[in-house]
Amino acid sequence: MVTLSEKAASEIKSIMNQNGGTFEGIRVFVAGGGCSGLSYGMQIADEPATADDLVFDHEGVKVIVDMGSHQYLDGASIDFDDTLQGGGFKINNPNAVKSCGCGSSFSTEEGAPEGQGGGCGGGCGGH
């Protein structure tokens, strides 16, 4: 399961409304790359979930996660920080054993999928 804080859900609803309000929810995923081997991705979903997706509803926002990403994100929570320093969406992932200084890249005990992963500087601006 992937959850949203009340603040993150409110910010997502606001973004959706600013862009027409006819979206399915938010898609959260993991891709290979970044300083620590895996990186987080998040985008407004304008396509419905498929049979290969899991859907969680929090605070009135659908969180869509593909099955491959769910293994890395199970138990994660998404929050929103609106401070001037380091503001934005933050993912608290209990599966991450190591993360990059910028917080957008991480690794698990299993590491990155074969053939993926990179050195520092590949997705965190050199952190």
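Residues numbered from 1 in each chain as written. Predicted model: local features only at pLDDT ≥ 70, side-chain atom pairs only at ≥ 80, totals over all residues. Heavy atoms only, no water.

Asks: In this structure, what is going on with the overall build of the chain? I would like to understand it.
Replies: Looking only at helices and strands, the chain features two helices and nine strands. Secondary structure elements of the chain, listed N to C terminal, follow the sequence β-α-β-β-β-β-α-β-β-β-β. When burial is assessed residue by residue, the chain has 35% of its 127 residues classed as buried. Here the contacts in the chain between residues at least 6 apart in sequence split such that 55% fall between residues at least 24 apart. Put simply, the chain shows about 7,000 Å² of open surface, and 45% of that area lies on carbon and sulfur atoms. (Helix = DSSP H or I, 4+ residues; strand = E, 2+ residues; numbered from the N terminus. Buried < 20%, exposed > 50% of the residue type's maximum accessible area, 1.4 Å probe, protein only. Contact = heavy atoms within 4.5 Å. Areas by Shrake-Rupley, 256 points an atom, 1.4 Å probe, with all protein chains shown as cover.)

Asks: How should I be thinking about the sheet that holds strand E1 (residues 3-4) in this particular structure?
Replies: In any sheet, the strands associate via hydrogen bonds between backbone groups, in a parallel or an antiparallel arrangement. Across the sheet, which stays open at both edges, the three strands sit in the order E1-E6-E7 with mixed pairing between neighbours. Both edges of this open sheet fall to E1 and strand E7 (88-92), since each of them pairs with a single strand only. Bridge analysis of strand E6 (residues 77-81) against E7 gives five bridges, and the strand direction is antiparallel. Bridge pairing in E7 links Asp 81 to Gly 88. Strands in contact with helix H1 (residues 6-18) are E1, E6 and E7; relative to E6, the strand with the most contacts, it is inclined by about 70 degrees. (Pairing = 2+ DSSP bridges. Axes fitted to C-alpha atoms, helices over the stretch in contact; angles between N-to-C directions.)

Asks: Hey, could you run me through the environment of Phe 89 in this one?
Replies: Examined against the element boundaries, Phe 89 turns out to sit in strand E7. When the C-alpha positions of Phe 89 and Ile 12 are compared, they lie 9.7 Å apart, and in sequence the two are 77 residues distant. If we ignore the near neighbours within four places in the chain, the residues touching Phe 89 are Ala 8, Glu 11, Ile 12, Ile 15, Met 42, Ile 78, Asp 79 and Phe 80.

Asks: I tried to follow the nonpolar core on my own but got confused; where do I start?
Replies: Looking at soluble globular proteins, one finds that nonpolar side chains tend to be buried together. Among the nonpolar cores identified, the biggest contains 20 residues, and Val 2, Leu 4, Val 28, Val 61, Val 63, Val 65 and Leu 73 are the most heavily contacted of them. Among the elements of the structure, H1, strand E2 (25-32), strand E3 (38-45), strand E5 (61-66), helix H2 (67-73) and E6 are those that each provide at least two residues to this core. With four residues, the top contributor of residues to this core is H1. Once you skip the residues sitting within four places of it in the chain, Val 2 turns out to touch Phe 56, His 58, Val 63, Val 65, Leu 73, Ala 76 and Ile 78. (Core = buried A, V, L, I, M, F, W, Y, C linked by side-chain atoms within 4.5 Å.)

Asks: Any chance you could explain H1 here in plain terms?
Replies: Turn by turn, an α-helix covers 3.6 residues, leaving residues three or four places apart pointing in a common direction. Taking 1.5 Å as the rise per residue, H1 with 13 residues should run 18 Å; its terminal C-alpha atoms sit 18 Å apart, in good agreement. If you check which residues of H1 are buried, you get Ala 8, Ala 9, Ile 12 and Met 16. The buried residues of H1 occupy an angular sector of 100 degrees when projected down its axis, which confines them to one face. Summarising the geometry of H1, the exposed residues directed more than 90 degrees from the buried face are Glu 6, Asn 17 and Gln 18. One or two positions beyond H1, positive phi appears at Gly 20, with a value near 105 degrees. (Expected span 1.5 Å × (residues − 1). Arc of directions from axis to C-beta.)

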